[in-house]
Structure formats: structure tokens, C-alpha cells
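# Observations on the three-dimensional arrangement
Each chain, written out:
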Amino acid sequence: MHIPDGYLSPATVIASYTLAIPLWIYGFKKLKQTLNEETLPLIGGLSALSFIIMMFNIPIPGGTSGHAIGATLIAILFNPWIGFISVSLVLLIQSLIFGDGGISALAVNSLGMAFIGSFVGYYVFNFLKNKKFAPFIAGWSGIVASSVFISIALGIQPYWNEAGKPLYFPFDLATTIPALVGSHMLFFGIVEGIFTQLIYNYSKKENNE
């Protein structure tokens, strides 16, 4: 789901950063309130896990790729603002060091994978909190919601010049939604759900011992 540079129009880039910057500022305030000697190692470890699983990009039809994220796991173990900031920082590092996702697209990537993934997963988990498979369903829901946002952000970009050359992302919603959302519903969402369930269960078991 990482969107690289050159895929988004200037209007989309400006609008996404206008929305993301105040959310990042507030999220960092929440992170500062949460960090202490006990929480820092766990947040750092979960962020590292998110970094690793997002590096396994699998190309899918429609000009993009799919992967697990880990935002929901951080959100349900701490709170969605921590998930948002942690995954945003992972996306920033990946774009700067590995070229995985672009700086111009960082806000859209963060809003989709970090913000929406964290908050949707968090609230689904809390709605189903007493259910055995609540973490799995929350993880699945969070990443599918992320894929919906990213597919729309990409699908509204197509614009061709007089020579018929696409200026930004070339595929429209009729391609991006089935390709991106469908693959995350049927495959990547299941991987995300299993990952969330397993690590959540392990974390709770460790805390109870």
C-alpha cells in the first residue's frame, strides 16, 4: 500500500499534509504522555515489528502492493494515537532510507495505514472485546479500512495530458478498489488478523504471568 512519489497530484499532497500535520502534533503529545520506562521498550519493539512486516511488499494488480501493517496491534495494546504515530514514524524511515513510499505521499500513507488502521482496528476491538477472536477481526478490519482509503486516494488521481500520457497514478477507482481492497479482504487482512491475534495473546499471557 505504500504510495511512491509522483503518484499523487499536488492538490492531493497539499490537502493530505494539511490534514495530517495537526493530527501528528496531537499524536506526539499523546505519545509523550504515554512513554515511560515500562512502555518505551514495548512500543519500540512493536514499531520494529511493524517495520519488518511492512517491508514484505507483494505486488498486486492495479499498480500497487500489499502487506501487513501492525497498526491495530499497537492501538489495542496502548491507544490508537500511539499506533498512528508509531506507524507514521515507520513509514517515514522506510521512505527516507529504503525509498519504500514517497515523502510527497507520506501524509496519505500515514492517514491510510497509520491513522485509519489504528482507529478502525481499535474501535472494532473494543466493540468485540469479550469475544475470543476480537484481535483477529480488529486487525482484519483495520487493514481493510486502510486499503479502502488508499485505493480511493490512488483512484481519483488519473489525469492525462494532450499526448495521452498519465501525469499521476494512471488507474481509476474501477481498478484500484477491486485490486487493493479485494486483495486485503481475502489475503493481507487475514495475515494481519492472525498476526494481531497471536501477538496480542502472547502479550496478555506475559503480563498475566
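In this text the structure is predicted, and so the values were computed from the model without any measurement. (Residues numbered from 1 in each chain as written. Predicted model: local features only at pLDDT ≥ 70, side-chain atom pairs only at ≥ 80, totals over all residues. Heavy atoms only, no water.)

The next subject is the packing of aromatic side chains. This structure, assessed with the given rule, holds 14 aromatic pairs. Each member of the aromatic cluster is reached from another via a ring pair, and the members are Tyr26, Trp81, Phe84, Phe115, Phe119, Tyr122 and Tyr123. (Phe/Tyr/Trp six-rings, centres within 6.5 Å; stacked < 30°, edge-to-face > 60°.)

Now for the confidence of the model for the chain. This prediction gives the chain a mean pLDDT of 88; 93% of its residues lie at or above 70. Model confidence for the chain, summarised as mean pLDDT per element, is weakest for strand β2 (residues 64–66) at 69 and strongest for helix α5 (residues 106–127) at 96. (pLDDT = per-residue confidence, 0-100. Helix = DSSP H or I, 4+ residues; strand = E, 2+ residues; numbered from the N terminus.)

Let us now look at the nonpolar core. With 52 residues, the main nonpolar core has Ile69 and Val87 as its most contacted residues. Only α1 (10–34), α2 (39–54), α3 (71–77), α4 (80–98), α5, α6 (134–155) and α7 (173–208) provide two or more residues apiece to this core. Residue contributions to this core peak at nine residues, all from α5. Discounting chain neighbours no more than four positions away, the residues touching Ile69 are Met1, Ser50, Ile53, Met54, Val87, Met113, Ile143, Ser146 and Glu192. (Core = buried A, V, L, I, M, F, W, Y, C linked by side-chain atoms within 4.5 Å. Buried < 20%, exposed > 50% of the residue type's maximum accessible area, 1.4 Å probe, protein only. Contact = heavy atoms within 4.5 Å.)

Inspection of the secondary structure assignment puts Val124 in helix α5. Distance from Val124 to Tyr168, taken between C-alpha atoms, is 34 Å for residues 44 residues apart in sequence. Ignoring anything within four residues of it in the chain, the contact list for Val124 reads Ile137, Ala138 and Ser141.

A few words now on a nonpolar patch on the surface. Among the surface-exposed residues, Ile52, Met55, Phe56, Ile93, Leu96, Ile97, Phe98 and Ile103 lie close enough to one another that they form a single nonpolar patch of about 800 Å² accessible area. The dominant element in the nonpolar patch, judged by the number of residues it contributes, is α4, at four residues. You can see Ile103 is positioned in the loop between α4 and α5. Note on Ile103: relative accessible area 37%, which makes it partly exposed. (Patch = residues over 30% accessible without salt bridge, like charges linked within 9 Å, V, L, I, M, F, W, Y side chains within 5 Å. Areas by Shrake-Rupley, 256 points an atom, 1.4 Å probe, with all protein chains shown as cover. Salt bridge = Lys/Arg side-chain N within 4 Å of Asp/Glu carboxyl O.)

Bringing the packing of α1 against α5 into the picture now. Where α1 contacts α5, the axes come no closer than 7 Å and their chain directions differ by 55°. Judged on the interaxial angle alone, α5 and α1 are oblique. Viewed along their axes, α1 and α5 form a crossing whose handedness is left-handed. Residue-level inspection shows Thr12, Ser16, Tyr17, Leu19, Ala20, Leu23 and Trp24 of α1 in contact with α5, the latter providing Leu106, Ala107, Val108, Ser110, Leu111 and Phe115. Class assignment for the residues of the contact of α1 with α5 results in ten nonpolar, three polar and no charged. (Axes fitted to C-alpha atoms, helices over the stretch in contact; angles between N-to-C directions. Parallel < 35°, antiparallel > 145°, perpendicular 65-115°, else oblique. Left-handed = near helix turned anticlockwise from the far one by under 90°. Nonpolar A, V, L, I, M, F, W, Y, C, P; charged D, E, K, R; others polar.)

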